[in-house]
Amino acid sequence: MVFMLGVGMAFSSCSEGNKKAETKENEFSYTVDRFADLEILRYQVPGFEALSLNQKQLLYHLSEAALMGRDILFDQNCRYNLAVRRTLEAIYANFNGDRKSADFKALEVYLKRVWFSNGIHHHYAEDKFFPEFSRAFFADCVTQLPEDLVPLRTRQTTEQFISELTDVIFSTEILTKRTVQSGDEDIIKASANNYYAGDLTQKEVEDFYDAMKDPNDSTPISYGLNSRLVKENGIIQEKVWKVGGLYTQAIEQIVAELQKAVPFAENEKQKAVIETLIDYYKTGDLKTFDAYAVLWVKDTDSEVDFVNGFTETYGDPLGMKASWESTVNFINREATKRTKLISDNAQWFEDHSPIDDRFRKKEVKGVTAKVITVSMLGGDCYPATPIGINLPNADWIRRDHGSKSVTIENITEAYDKASQGNGFSEEFVWSDTERGLLKKYGFMTDNLHTDLHECLGHGSGITLSGVAADALKAYSSTLEEARADLFGLYYIADAKIVELGLLPDAEAYKAEYYKFMMNGLMTQLVRIELGKNIEEAHMRNRQLIARWVYEKGQAENVVELKQRDGETYVVINDYQKLRSLFGQLLGEVQRLKSEGDFAAGKKLVEDYAVQVDPKLHAEILERYAKLNLAPYKGFVNPVMKEVKNKQGEVIDIALDYSEGYTEQMLRYSRDYSFLPTYNE
Ligand code: ZN
């Protein structure tokens, strides 16, 4: 599971550590590019130089492997994405007309958006976005391309190709939404992604997987995780993503790089992790995947760590099939003292959580948490990047073997630095009192909330025996994120946190409460187009929590939406009562999950998480527009290179931060693109 940053603001504390860092970082420019609703940043990799050559080489090969699977994600997101990307890149490179014309500029922006979203649908809102150049311009550009640069299907003419892609890009009728998460329509048929093919219905998919499941299996594999389900000639079957299967061209490259990484493994445990992952990629066997996940979760001694594979299931409307992603990282020892305190006390937090005793974990196992520094992002972690990750996702592995939770501090730090002084809090925060809290504690409480969410929240509680892992179906992602967020919100205000030295005083948590409520009730709406509802699971979760506690606290005026000069603000009148409301909702969401209460889960999400107040929405958008900020951010990676001596031996790995966004995307498309355009 992942944790994404909310909208617009990050806060800097004035601690000594940060001041020291600032002087050095004044020379580092965080902003790389800005277009549409996006801003591209770069991140630093502090501590890299101090690693051993062996560790650097391990990071290097894992980083190469992180880039090898980029095409897979494009194809998973929609079966036309590689055709669109390759056509646009060919036009971009070969265009002979006026590169300053409005049409060409629009093509450039559209291509940058396709890169960012790994396809033609908005990375967060999931809807198809549209270019501002004309159909005629597109047809003209394709016609002028040398024929070998047009990614035609077998026996397809250029005219047919243009007609097909024009519909894909411009039509408001087809492929309108990447993943449809809810509603009364058939969510499989309505989704444009490529996890299911051959006109399957939701019922056919559910029946197919229900037939596989054994309700008495206490250690079930993650059914359907690494395959596309297809119906061909009336027969429904899985096409597995593995060496020799679907996506083999990219997976072979990933495997080859992982093999190069093996000799640099830091210890035997880590070596076994990489080798088992290779074995899984070769066989596609989900039992081997579980074996890998168990080895991975137990490898807690290594400094270098990584994720590489079919991991998160947010993109599948049924939450089974996983998108490909990779992160490569090493531990931040100093900051990890913080998360170690949390995980050392995991049992205490579990025992005191405001949930029914029946849903409590009697024995919390192996919660390990660390703060990491990423050195490469790939697949579904790039360019939009999580700030926290907790894996593995399989409930039984978490139950029997625990989980590994990370906070990615060089990413949160880049967000924070890049957003300083952008005018956001002046516009939306009620008064100097709240602004003071945010400035003093915001960066600290933000990171701590991520730690609590990832390290304890996702891992807490139990599912009653006999309740299926996917009982909450399309609502499970939203409710799971809500559970983790609520756990963090409830505990960040606990005296135990101050006692452990995680926050300096009993005031600090208010910064997180204010930010969360403002974001959930108002400011996250800047990410939604007027007239649309909320789709993305993390956003739904935030609104669900904020609206629910707002409504339940209304009789006692716990949280207010106050007007001033015709503008709306969040005001929190009673922070302690707000805390008990968070606790109450945590109890209910835990019950839903533990009992698999689909009807109640659906009602909670549909009542609080989805609908948007159109009047407030319009107001927030107007106020936000004046600030001229990008509601979404993503990152370019550093360039990692082997440095060799005259004998050709690697003597160092060098990092270079100077690459631009377009440069990086074009380089990746040139050097790391292995899949055919059409993968059927
Ligand atoms: Zn989460």
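Report follows, based on the coordinates. (Residues numbered from 1 in each chain as written. Predicted model: local features only at pLDDT ≥ 70, side-chain atom pairs only at ≥ 80, totals over all residues. Heavy atoms only, no water.)

**Side note on helix α10 (residues 248–261)**
Link 1 in the chain: With 14 residues, α10 extends 20 Å between its outermost C-alpha atoms, agreeing within 8% with the 20 Å of an ideal straight helix rising 1.5 Å per residue.
Link 2 in the chain: Among all positions in α10, only Thr248, Ala250, Ile251, Ile254, Val255, Glu257, Leu258 and Ala261 are buried.
Link 3 in the chain: Residues of α10 that are buried sit in contact with α2 (53–68), α3 (70–77), α11 (268–283), β7 (304–312) and β8 (323–331). (Helix = DSSP H or I, 4+ residues; strand = E, 2+ residues; numbered from the N terminus. Expected span 1.5 Å × (residues − 1). Buried < 20%, exposed > 50% of the residue type's maximum accessible area, 1.4 Å probe, protein only. Contact = heavy atoms within 4.5 Å.)

**Here's the deal with the coordination of the zinc ion**
Link 1 in the chain: At the metal site, the zinc ion is ligated by His453 (NE2), His458 (NE2) and Glu481 (OE), and these contacts range over 2.1 Å.
Link 2 in the chain: Motif for the zinc ion, donor spacing along one chain: H-x4-H-x22-E. Here the residue His453 occupies a position in helix α18 (residues 432–457), and Glu481 occupies one in helix α19 (residues 476–492), the gap between them amounting to 28 residues. Both residues of the pair, His453 and Glu481, count as buried. (Donors = N, O, S within 2.8 Å, 3.2 Å for Na, K, Ca; no water.)

**Things to note about the side chain of Lys361**
Link 1 in the chain: Structurally, Lys361 is set in the loop between α14 (346–352) and β9 (367–379).
Link 2 in the chain: Within polar-contact distance, the side chain of Lys361 engages the backbone oxygen of Gly459 at 2.3 Å. (Polar contact = N/O pair within 3.5 Å; in protein donor to acceptor, adjacent residues only side chain to side chain.)

**A short note on the sheet that holds strand β6 (residues 235–240)**
Link 1 in the chain: Spatial ordering of the open sheet is given by β4-β5-β6, a layout of three strands whose pairing is mixed. Pairing within the sheet leaves two strands with one partner each, and these edge strands are β4 (196–197) and β6.
Link 2 in the chain: Of the pairings in the sheet, the one linking strand β5 (residues 227–232) to β6 comprises six bridges and is antiparallel in character. When the sheet's bridge partners are listed, Val230 is paired in β6 with Gln237.
Link 3 in the chain: Taken strand by strand, helix α9 (residues 202–212) contacts β4, β5 and β6, and its axis lies near 70° from that of β6. (Pairing = 2+ DSSP bridges. Axes fitted to C-alpha atoms, helices over the stretch in contact; angles between N-to-C directions.)

**With respect to the packing of aromatic side chains**
Link 1 in the chain: Under the counting rule described, the total for this entry stands at 39 aromatic pairs.
Link 2 in the chain: Their ring planes at 75° and their centres at 6.4 Å tell us that Tyr281 and Phe310 sit as a pair that is edge-to-face. Of this pair, Tyr281 sits in helix α11 while Phe310 is found in strand β7, placing the two residues 29 residues apart along the sequence. Phe310 carries the same exposure label as Tyr281, and that label is buried.
Link 3 in the chain: Between Phe424 and Phe428, the aromatic rings sit 5.1 Å apart at their centres with planes inclined by 45°, giving tilted as the arrangement. Placement of the pair is Phe424 and Phe428 together in helix α17 (residues 424–428), with a separation of four residues, close to one helical turn. For the pair Phe424 and Phe428, one class covers both residues: buried.
Link 4 in the chain: The lysine or arginine in question, Arg99, covers the ring of Tyr92, its NZ or CZ lying 5.2 Å from the ring centre.
Link 5 in the chain: The cationic tip of Lys404 hangs over the ring face of Trp296; the distance from NZ or CZ to the ring centre is 4.0 Å. (Phe/Tyr/Trp six-rings, centres within 6.5 Å; stacked < 30°, edge-to-face > 60°. Lys NZ or Arg CZ within 6 Å of the ring centre and 35° of its normal.)

**Quick look at the state of the cysteines**
Link 1 in the chain: Taken as a whole and assessed by the stated rule, the structure comprises zero disulfides.
Link 2 in the chain: In this model Cys381 remains outside any disulfide bridge; the closest cysteine sulfur is found in Cys455, 19 Å from its own. (Disulfide = S-S within 2.5 Å.)

**Some remarks on empty space enclosed by the protein**
Link 1 in the chain: This structure, assessed with the given rule, holds twelve cavities of 30 Å³ or more.
Link 2 in the chain: Counted as a void, the largest cavity has a volume near 470 Å³.
Link 3 in the chain: What lines the largest cavity is a set of 29 residues, and nearest its centre among them are His123, Arg178, Tyr314, Asp380 and Glu536. (1 Å grid on protein atoms, 1.4 Å probe; cavity = no way out; pocket = protein on both sides within 12 Å on 5 of 7 lines; lining within 4 Å. Points joined across faces, edges and corners; volume = space filled by probe spheres on them.)

**Points about the packing of helix α4 (residues 81–94) against helix α26 (residues 661–671)**
Link 1 in the chain: Relative to each other, α4 and α26 sit at 120°, their axes nearing to 12 Å. By the angle between their directions, the pair α4 and α26 is classed as oblique. Like other packed secondary-structure pairs, α4 and α26 cross with a definite hand, here left-handed. Taken together, the residues of α26 that come into contact with α4 (itself represented by Arg85, Glu89 and Tyr92) are Thr662, Leu666 and Ser669.
Link 2 in the chain: Residue composition of the contact of α4 with α26, grouped by class: two nonpolar, two polar and two charged. (Parallel < 35°, antiparallel > 145°, perpendicular 65-115°, else oblique. Left-handed = near helix turned anticlockwise from the far one by under 90°. Nonpolar A, V, L, I, M, F, W, Y, C, P; charged D, E, K, R; others polar.)

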